[in-house]
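Commentary on secondary and tertiary structure
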Amino acid sequence: MNSKPAGEFVRESLASPYLSYYDGQLRTDAETPSAVKVQRLGPLRLINFTGGQGFITYAHIAPTDDTNLASLVGESLAYFREQPEIHDVEWKSRGHDHAPGLHEQLLAHGFAVDASESIMVGRAADLSAETPLPAGVRLRQIFSEADVRAMTAMQDLTFGEAVSAHHAEAILRRLATADGMQLWVAENSTGEILSAGRLEPVPGTDFAGIWGGATVAAYRGQGIYRALTAARARAALDLGKTLIHSDSTEYSRPILERYGLLKVSTTTPYRWSRTQL
């Protein structure tokens, strides 16, 4: 007898089509629209981003006799190690993939496992309802360098990190490519940024991604993040995108679930840094 609660069966049945859309539309070149170089290695896609970032992703790794995980991990890392400008590499894994031994091979090759996040997918329309804001708070899309630097500084501090010029410059480089990324903030009457996040429409798909969501701790629980999410969903609909996806922390996952997104799987990044050598 299966002991799963009835509600869990319902969530799984609803999430299943969304997972198919995610795998079919996003685990392709559409996943990395800002790549500056793509190299194939068997089932892997080895991606170079600006700012010395390497990224490894794939549609699937079949656990067959001709798939040698140790070789795949070693060769992919060697590819990036031979490029001195690459200082960090992320291997993006998904919880619904079946690749026995992958975790052990990544650790053996010097990758460190990071915190898992929930892959959330749902209809943009379900997130788009107007949401009241606290008095004196407004939403707007930003474009200027000063605004971008203020936004990234808030995000760095909110996530418990030192303010990073590298973070700001990466976003500014991306904004300069005019690839469709939008930056949205909530600010108070004095111009202090209280919450922020990106919208990234994915060309050739039904999807737009919502990323980088952060809200200053003192302003959480007031509906600001919810309103910011709704604004991005409306912007996605204006662009003809009907589905939203996000990799969500345990802070944002319950918020997105309350407004219609479903957890379809998990993603766990494994990170290698040249400074670890």
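Residues numbered from 1 in each chain as written. Predicted model: local features only at pLDDT ≥ 70, side-chain atom pairs only at ≥ 80, totals over all residues. Heavy atoms only, no water.

Turning to the overall build of the protein, a few remarks are in order. Helix and strand content of the protein: eight helices and twelve strands. Over its C-alpha atoms the protein spans a radius of gyration of 19 Å, differing by no more than 12% from the 19 Å that the globule rule assigns to 277 residues. Taking the principal axes of the C-alpha coordinates as reference, the protein spans close to 60 × 55 × 35 Å. Out of the 277 residues in the protein, the part that is buried amounts to 44%. In the protein, the proportion of contacts linking residues at least 24 apart, taken out of those at least 6 apart, comes to 72%. Total accessible area computed for the protein in this model is approximately 13,300 Å², and 54% of it derives from carbon and sulfur atoms. Within the protein, one finds 26 positive and 32 negative side-chain charges whose respective centroids are separated by 3 Å. (Helix = DSSP H or I, 4+ residues; strand = E, 2+ residues; numbered from the N terminus. Rg over C-alpha atoms; globule rule 2.2 N^0.38 Å. Buried < 20%, exposed > 50% of the residue type's maximum accessible area, 1.4 Å probe, protein only. Contact = heavy atoms within 4.5 Å. Areas by Shrake-Rupley, 256 points an atom, 1.4 Å probe, with all protein chains shown as cover. Lys, Arg positive; Asp, Glu negative; His and termini not counted. Charge placed at Lys NZ, Arg CZ, Asp CG, Glu CD.)

Looking now at the side chain of E187. With respect to the helices and strands, E187 occurs in strand β8 (residues 182–187). On the accessibility criterion, E187 (3% relative accessible area) is buried. At a separation of 2.6 Å, a polar atom in the side chain of E187 contacts the side chain of R138. There is a polar contact of 2.8 Å between the side chain of E187 and the side chain of R140. (Polar contact = N/O pair within 3.5 Å; in protein donor to acceptor, adjacent residues only side chain to side chain.)

Here the focus is helix α5 (residues 145–158). Given 3.6 residues per turn, any residue in an α-helix points the same way as the ones three and four places further on. Over its 14 residues, α5 runs 20 Å from end to end, which matches the ideal 20 Å to within 8%, given 1.5 Å per residue. For α5, the set of buried residues is D147, V148, M151, T152, A153, M154, Q155 and D156. Among the structural elements, β7 (138–142), α6 (165–176), β8, β9 (193–201) and β10 (207–215) are those in contact with the buried residues of α5. One or two steps after α5, the chain reaches G160, where phi turns positive at roughly 75 degrees. (Expected span 1.5 Å × (residues − 1).)

On to the packing of aromatic side chains, then. For the coordinates displayed, the defined rule picks out six aromatic pairs. Ring centres 5.9 Å apart and planes at 50 degrees place the aromatic pair F49 and F55 in the tilted group. An aromatic cluster is present here, built from Y58, W91 and F111 joined pairwise through their rings. Between R220 and the ring centre of Y251, over which it is positioned, the NZ or CZ distance is 5.1 Å. Geometry around Y259 places R226 over its ring, the cationic atom sitting 3.7 Å from the centre. (Phe/Tyr/Trp six-rings, centres within 6.5 Å; stacked < 30°, edge-to-face > 60°. Lys NZ or Arg CZ within 6 Å of the ring centre and 35° of its normal.)

If you look at the biggest cluster of nonpolar residues, it comprises 20 residues, and the most contacted ones within it are L44, I56, W91 and F111. Secondary structure elements with two or more residues in this core: β2 (44–49), β3 (53–58), α2 (69–81), β4 (88–94), α3 (102–108) and β12 (262–273). When residues of this core are assigned to their parent elements, the largest contribution, six residues, is made by α2. Setting aside residues up to four positions removed in sequence, L44 forms contacts with Q39, I56, T57, Y58, I61, L72, S76 and W91. Grouped together as the second largest cluster of nonpolar side chains are 15 residues, L199, A233, A236 and L256 included. (Core = buried A, V, L, I, M, F, W, Y, C linked by side-chain atoms within 4.5 Å.)

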